[in-house]
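Read off the chains here:
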Amino acid sequence: MLTRYEAALAELTAQDLYRQTVTYRPLSATEVEDETGRRYVQLSANNYLGLTHEPAVLAAALAAVQQYGSGSGGARLTSGSHPLCAALEAELAAWKGTESALVFNTGYMANVGVISSLVGKGDVIFSDAFNHASIIDGCRLSGATVVVYRHADPQDLAARLAAVPCSGQRLIVTDGVFSMDGDIAPLPALAELARRYQALLCVDDAHAVGVLGGGKGTAAHFGLAGAVNVQIGTLSKALAAEGGYVAGSHTLIAYLRNKARSFIFTTAPTPAALAAAQAALRIIRQEPQRIRQLKTLAAELRQRLQAGGVAVLPGPTPILPLWVGRAEQALALAAQLRQDGLLVSAIRPPTVAPGSSRLRLTVSAAHTAAQLNDAADVIVKRWQEMGLPPHYQEK
Ligand SMILES: *Cc1c(COP(=O)(O)O)cnc(C)c1O
């Protein structure tokens, strides 16, 4: 019965692509402990501002559990919508400068529900080649024609917009900050093309919220908030909770509330998650110095690694991809760094293209300069021991 799955697993193992979960106990926003009690510096989380362990965020989550219970108990359209949902949506919309916002249970569900309900058969989606898997899944589920353009390449997008006929709706969709490369989408050029072709522009700000544009995301970073029709994001990274959201016009949000199946047919987020996200959002709005600290720490780490001959991809975000190339070398380096007390993830196909395996380091505002300086020294040493080259191979 299961031989074909056993064979598939054996094949993954042979290719160094077998995956398993490893248990680590979080000790703080930047340290974890394994089952033997060994401690590691966490350099692979998306906890950009370290707010998962911020006292005000924890207090808000605990108070919500005590006041409202552990679970939400039902879907929002059937069991009644929780006041924490309305409060968070109002604050998200105010922060983003949009008319309205809608909360989802995860960013994954937001992408799948939004894309698949906005376009369908007869419509055409133009999707960046490096977009997140949840965008890809939303595109597939929509039934629209999907045209993939070269990563962050408006010229290629322009050529495809001109070449592919569309009698329905065009949708351009991109990560704001690309999750595995850490670069920023060329939003001004995309917005101009969207305007010219009357395409909807949808940006996924999972790694941009709390990071770019004063924390408001990619559109704010470029001063283009009015040009992005659909701003999707997650509550699970810088916002330190769990969930997703979409921000946009009244019409967009009302439509999604009626049509997005991943919103309609699921139980609402838990009170704890909603309250934690709301508390985290308030801290981001009131304490912009945390974002500046994140920027400074990330730039310093990037600079140290570059100076030490490590092939770190350039970019202004706290995502630092170290270009290794082969999957088995990425795994070997990650394993060595674990021995050294650093938790760094090896990113392999199918998450990235074959031959572009890498280590992905993420910085948090909660890291100390000492943690990151020590990490840089260790990484430089191991990089040189393995004879890895100082430059990444252009894609
Ligand atoms: C993490 C991520 C998501 C998914 O968000 P979750 O809340 O974790 O489901 C969506 N898009 C991008 C670009 C991401 O990196």
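In the block above lies the structure referred to throughout.
Summarised in this report is the structure supplied together with it. (Residues numbered from 1 in each chain as written. Predicted model: local features only at pLDDT ≥ 70, side-chain atom pairs only at ≥ 80, totals over all residues. Heavy atoms only, no water.)

This part covers the site of the ligand. Around the ligand sit 15 residues in total, of which G107, D204, H207, T234 and K237 are the nearest. Interatomic distance of 2.6 Å between a side-chain N/O atom of K237 and an oxygen atom of the ligand. Looking at the shell around the ligand element by element, the count peaks at three residues for helix α5 (residues 107–118). Its residues placed into classes, the shell around the ligand shows two nonpolar, 10 polar and three charged. (Near = heavy atom within 4 Å. Polar contact = N/O pair within 3.5 Å; in protein donor to acceptor, adjacent residues only side chain to side chain. Helix = DSSP H or I, 4+ residues; strand = E, 2+ residues; numbered from the N terminus. Nonpolar A, V, L, I, M, F, W, Y, C, P; charged D, E, K, R; others polar.)

Within the secondary structure, V228 is located in the loop between α9 (218–221) and β9 (230–234). Residue V228 is classed as buried on the basis of its relative accessible area, which comes to 7%. Distance in space between the C-alpha atoms of V228 and A191 is 7.1 Å, their sequence separation being 37 residues. (Buried < 20%, exposed > 50% of the residue type's maximum accessible area, 1.4 Å probe, protein only.)

Here we take up the pattern of salt bridges. Within this structure, the stated rule accounts for 16 salt bridges. Measuring nitrogen to oxygen at the nearest pair gives 3.0 Å for the salt bridge that ties E31 to R39. Its relative accessible area of 22% is what places E31 among the partly exposed residues. Judged by its relative accessible area of 49%, R39 is partly exposed. Across the pair D137 and R140 runs a salt bridge whose closest N-O atoms are separated by 3.8 Å. Separated by three residues within a single helix, D137 and R140 lie in helix α6 (residues 133–142), roughly one turn from each other. (Salt bridge = Lys/Arg side-chain N within 4 Å of Asp/Glu carboxyl O.)

This next bit is on α6. Within α6 the residues assigned to the buried category are S134, I135, G138, C139 and S142. Seen end-on, α6 carries its buried residues on one side only, within an arc spanning 145°. Across from the buried face of α6, at angles greater than 90 degrees, the exposed residues are R140 and L141. Elements that come into contact with the buried residues of α6 comprise α5, β5 (124–128), β6 (145–149), β7 (170–175) and β8 (200–204). (Arc of directions from axis to C-beta. Contact = heavy atoms within 4.5 Å.)

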